[in-house]
2 protein chains.
Amino acid sequence: MDVTNILHMNGGIGKCSYANNSILQHIREEAIIRVYNSIHPRCLSIAELGCSSGPNAFIVVSEIIKIVENLCKEMNHKSPEYKVFMNDLPENDFNNIFKSSSTFEEKLSNEMKSQIGPCYFYAAPTSFYGRIFPNQTLHFIHSSSSLHWLSKVPEGIEKNKGNIYISNTSPLNVLKAYYEQFQKDFSLFLKCRAEELVEQGQMFLTLLGRRSEHQSTKECCYIWELMAKALNDMVLEDEEEDEEEDEDEDRMRT
Amino acid sequence: MDVTNILHMNGGIGKCSYANNSILQHIREEAIIRVYNSIHPRCLSIAELGCSSGPNAFIVVSEIIKIVENLCKEMNHKSPEYKVFMNDLPENDFNNIFKSSSTFEEKLSNEMKSQIGPCYFYAAPTSFYGRIFPNQTLHFIHSSSSLHWLSKVPEGIEKNKGNIYISNTSPLNVLKAYYEQFQKDFSLFLKCRAEELVEQGQMFLTLLGRRSEHQSTKECCYIWELMAKALNDMVLEDEEEDEEEDEDEDRMRT
């Protein structure tokens, strides 16, 4: 079986095409090149915020290092050292990450067919809605699809009866509560990162969002309505108290 | 019950007295003071190598920070930030460490009755018989009772039949093999740390050792003879093969 016929990027020019999705990769690449060219760090500090665990945790870090290594080759520079901080909540499965990190340098060197700079991996187990690093210590901060998780369930969502998030039936105060919590959290996130980033460092964030102005569009929140319905049915089946459902309010924000 | 009558330091001037044991603490204190006074770092980088897990993991880090905080008070300096790297093998229970680290700063501030500098904790899950940190990035390296664990079971210990470590019956080649492995490992350890420590940084190591020249003294190895005897008895009881015992050779070195 020729796997290249199956495992390829999406073609075409549509919404799911690689061409359109790779715009993000290009922007990220530009950001990394800008950091390297303006600072030429002997040791490049990278943070992956909300890294989660599993095989995806290292994808972006690999990409960043590959870009820098190629730049170094072009410019005939010695590779820098890489200090990589994997951040997520303390409850994250860091043990799984540690397993992959021990062979990372060797694997990437094999892929690139040349020795890369030494890579040092650390776990930073704390919420990114607070300081994670000392002042001005990071060159590149990356976070992908993590910032829709709020620091807590917003206050003032009492009348969102039967829902676990914003839905078609959610009153205006629920929308406002989620919005305000996101504003608070995101402002705090930016304030913290601003302290941690070195001058001329770069930050690359991708967030879930919606194009529609409608509060409960299929683009983002629709799934939560279906989930709430399923939960409600389960609760009714178990003849449990109504109150319990409302406690499952979600911390998500889109 | 007055716990102060029970929970006190050992008095007197004997081998187990606090006075004699606290010599180590004093030497460590001096080393930390020397680092702070010569570098005055805005952000103090500390590594605890072979931190293990459990309540003891943070004891020395607390001591170091207390000493620096007191120095800052005396000199009317602003507290530095603290970057603390907890190192052990990837199989260590880092989750347990992460739980304590989240409340560390608050607890220590309460103990000291004043706000301490911000503390950032990271896990560095890799063997200390290799590089853990980039060049010249640490101010203070600490390791206590960890360096008697070798990087591997030494080669050339085939004739140590029935033992799991050096014992009274061990032939000379077994002693030599352990000694040479320790020499290799410790040299590598020092070489790596020399690269990682900043100029005028300090390292404080405590190692198990023995005063007696006898290879299997009660001071260190005696326990392994007893353990080997117990293991042998268990193996004989289970009528298992003789070969299996010899595979349990220990990585320890004293």
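From a predicted model like this one, the values you see are computed outputs, not experimental measurements. Residue numbers run consecutively from 1 along every chain, following the written order of its sequence. As they are written, the chains are lettered A onward and the ligands numbered 1 onward, keeping that order. Only residues with pLDDT of at least 70 get local features here, since the model is predicted, and only at 80 or more are side-chain atom pairs given and counted; chain-wide, interface and lining totals rely on the full set of residues. Processing note: side-chain calculations cover all non-hydrogen atoms of the structure and skip hydrogens and water entirely.

Draft legend 1. Just the overall build of chain A, in detail. Per the secondary structure count, chain A includes six helices and five strands. Per the convention used, a helix needs a DSSP run of H or I reaching at least four residues, while a strand needs a run of E reaching at least two, with both numbered from the N terminus. Traced from its N-terminal end to its C-terminal end, chain A shows the element sequence α-β-α-β-α-β-β-α-β-α-α. Scored against the burial criterion, the 254 residues of chain A give a buried share of 45%. The contact criterion used is simple: two residues touch if any of their non-hydrogen atoms lie within 4.5 Å. A separation of at least 24 residues holds for 77% of the contacts in chain A among residues at least 6 apart in sequence. The protein chains shown are the only cover counted for residues, whose accessible areas, like all others here, come from Shrake-Rupley with a 1.4 Å probe. Element-wise, carbon and sulfur atoms account for 52% of the exposed surface of chain A, whose accessible area totals about 14100 Å². Under the scheme applied here, a residue whose accessible area is under 20% of the maximum for its type counts as buried, over 50% as exposed, and between as partly exposed, the area being computed with a 1.4 Å probe on protein chains only.

Draft legend 2. Summary view of helix H5 (residues 222–237) of chain A. Residues and elements named next belong to chain A. For H5, which comprises 16 residues, the first-to-last C-alpha distance of 23 Å matches the rise-based estimate of 22 Å (1.5 Å per residue) to within 8%. Of all the residues in H5, the buried ones are Trp224, Glu225, Ala228, Asn232 and Val235. Seen along its axis, H5 keeps its buried residues to an arc of 100°; they face one direction. Away from its buried face, by an angle of more than 90 degrees, H5 presents the exposed residues Lys229, Met234 and Glu237. Every helix has an expected span of 1.5 Å times one less than the residues it contains. Note that the arc is defined by the directions from the helix axis to the C-beta atoms.

Draft legend 3. Helix H3 (residues 94–112) of chain A, seen in detail. In this model H3 of chain A runs 26 Å from its N-terminal to its C-terminal C-alpha over 19 residues, within 8% of the 27 Å that 1.5 Å per residue would give. Of all bends in H3 of chain A, the biggest is about 50°, found at phenylalanine 104 of chain A. Summarising the contacts, the buried residues of H3 of chain A are in contact with helix H2 (59–75), strand E2 (81–88) and strand E3 (119–125) of chain A together with helix H3 (94–112) and strand E3 (119–125) of chain B. Two residues or fewer past H3 of chain A, lysine 113 of chain A is found with a positive phi of approximately 55°. The angle between axes fitted to the seven residues ending at a residue and the seven residues starting there is what we call the bend at that residue.

Draft legend 4. Up close: the interface of chain A and chain B. On the chain B side, the residues contacting the 21 residues of chain A number 22 residues. When two components associate, each loses some accessible surface as probed by a 1.4 Å sphere; the sum of these losses over both components is called the buried area. Interface area, chain A with chain B, both sides summed: about 1800 Å², of which 59% is carbon and sulfur. Salt bridge, as used here: a side-chain nitrogen of Lys or Arg that lies within 4 Å of a carboxyl oxygen of Asp or Glu. Linking chain A to chain B there are two salt bridges. Counting of polar contacts relies on pairs of N or O atoms within 3.5 Å, with two restrictions inside protein: one atom must be capable of donating a hydrogen and the other of accepting it, and residues adjacent in sequence are counted only when both atoms are side-chain atoms. Where chain A meets chain B, there are five residue pairs in polar contact (both at pLDDT 80 or more). If you tally residues by element for the side of chain A that touches chain B, the top one is E3 of chain A, at six residues. In this count, Pro and Cys sit with the nonpolar residues alongside Ala, Val, Leu, Ile, Met, Phe, Trp and Tyr, while Asp, Glu, Lys and Arg are called charged and the others, Gly among them, polar. When its residues are assigned to classes, the side of chain A that touches chain B shows 14 nonpolar, three polar and four charged.

Draft legend 5. Quick peek at unusual backbone geometry. Even without a glycine there, the phi angle at histidine 40 of chain A is positive, about 45°. Its location among the elements puts histidine 40 of chain A in the loop between helix H1 (18–39) and strand E1 (43–49). Exposure remark for histidine 40 of chain A: the relative accessible area of 38% places this residue in the partly exposed category. Of note in the backbone geometry, serine 52 of chain B takes a positive phi value of approximately 60° without being a glycine. One can find serine 52 of chain B in the loop between strand E1 (43–49) and helix H2 (59–75).

Draft legend 6. Just the side chain of threonine 206 of chain A, in detail. Residues and elements named next belong to chain A. For threonine 206, the position within the fold is in strand E5 (residues 197–206). Using a relative accessible area of 13% as the deciding quantity, one classes threonine 206 as buried. Looking at threonine 206, its side chain comes within polar contact range of the side chain of serine 144, at 3.0 Å. Discounting residues that sit within four places of it in the chain, threonine 206 has contacts with Leu24, Ser143, Ser144, Ser145 and Ser146.

Draft legend 7. Up close: the packing of H2 of chain B against H3 of chain B. All names here are of chain B. Between N-to-C directions, angles span 0 to 180 degrees; the directions come from axes that are lines fitted to C-alpha atoms, helices contributing only their stretch in contact. Contact geometry for H2 and H3: axes closest at 11 Å, N-to-C directions at 50°. Viewed along their axes, H2 and H3 adopt a mutual orientation that is oblique. Read as a crossing pair, H2 and H3 show a hand that is right-handed. Two secondary-structure elements touch here, H2 through Val61, Ser62, Ile65, Lys66, Glu69, Asn70 and Lys73 and H3 through Phe104, Leu108, Glu111 and Met112. Looking at the contact of H2 with H3, its residues break down into five nonpolar, two polar and four charged. What sets the label is the angle itself: under 35 degrees gives roughly parallel, over 145 gives roughly antiparallel, 65 to 115 gives roughly perpendicular, and the rest give oblique. The crossing is said to be left-handed when, going from far helix to near helix, the turn is anticlockwise and less than a right angle, and right-handed when the turn is clockwise.

Draft legend 8. Spotlight on the relation of the copies chain A and chain B. The least-squares superposition of copies is restricted to C-alpha atoms, and to residues with a pLDDT of at least 70 in both copies. If you rotate chain A by 180° and push it 0.0 Å along the axis, it lands on chain B with an RMSD of 0.1 Å. This pairing of chains is accounted for by a two-fold axis. Closest approach to the rotation axis among the C-alpha atoms of chain A is made by alanine 123 of chain A, whose C-alpha sits 2.5 Å away.

Draft legend 9. Focus on the pairing of strand E2 (residues 81–88) of chain B. Residue and element names in this part refer to chain B. Most of E2 sits out of view: eight of its eight residues are buried. Of the two faces of E2, the one carrying Glu81, Lys83, Phe85 and Asn87 and the one carrying Tyr82, Val84, Met86 and Asp88 are both buried. Tracing the backbone out of E1, into H2 and back to the parallel element E2 gives a crossover that is right-handed. Only strands joined by at least two bridges in the DSSP assignment are considered to pair. Here E2 pairs with E3 via seven bridges, running parallel. Counterpart to valine 84 in the pairing with E3 is phenylalanine 121. A clockwise course of the path from the first strand over the helix to the second, judged with the strands pointing away from the viewer, identifies a crossover as right-handed.

Draft legend 10. Spotlight on the pattern of salt bridges. A complete count under the given rule lists 14 salt bridges over all chains for this structure. Residue lysine 176 of chain A is joined to glutamate 180 of chain A by a salt bridge in which the shortest nitrogen-to-oxygen separation is 3.4 Å. Residue lysine 176 of chain A and its partner glutamate 180 of chain A are both found in helix H4 (residues 172–196); the two are separated by four residues, about one turn of the helix. Members of the salt-bridge network, linked through shared partners, are Glu81 of chain A together with Arg131, Arg193 and Glu196 of chain B.

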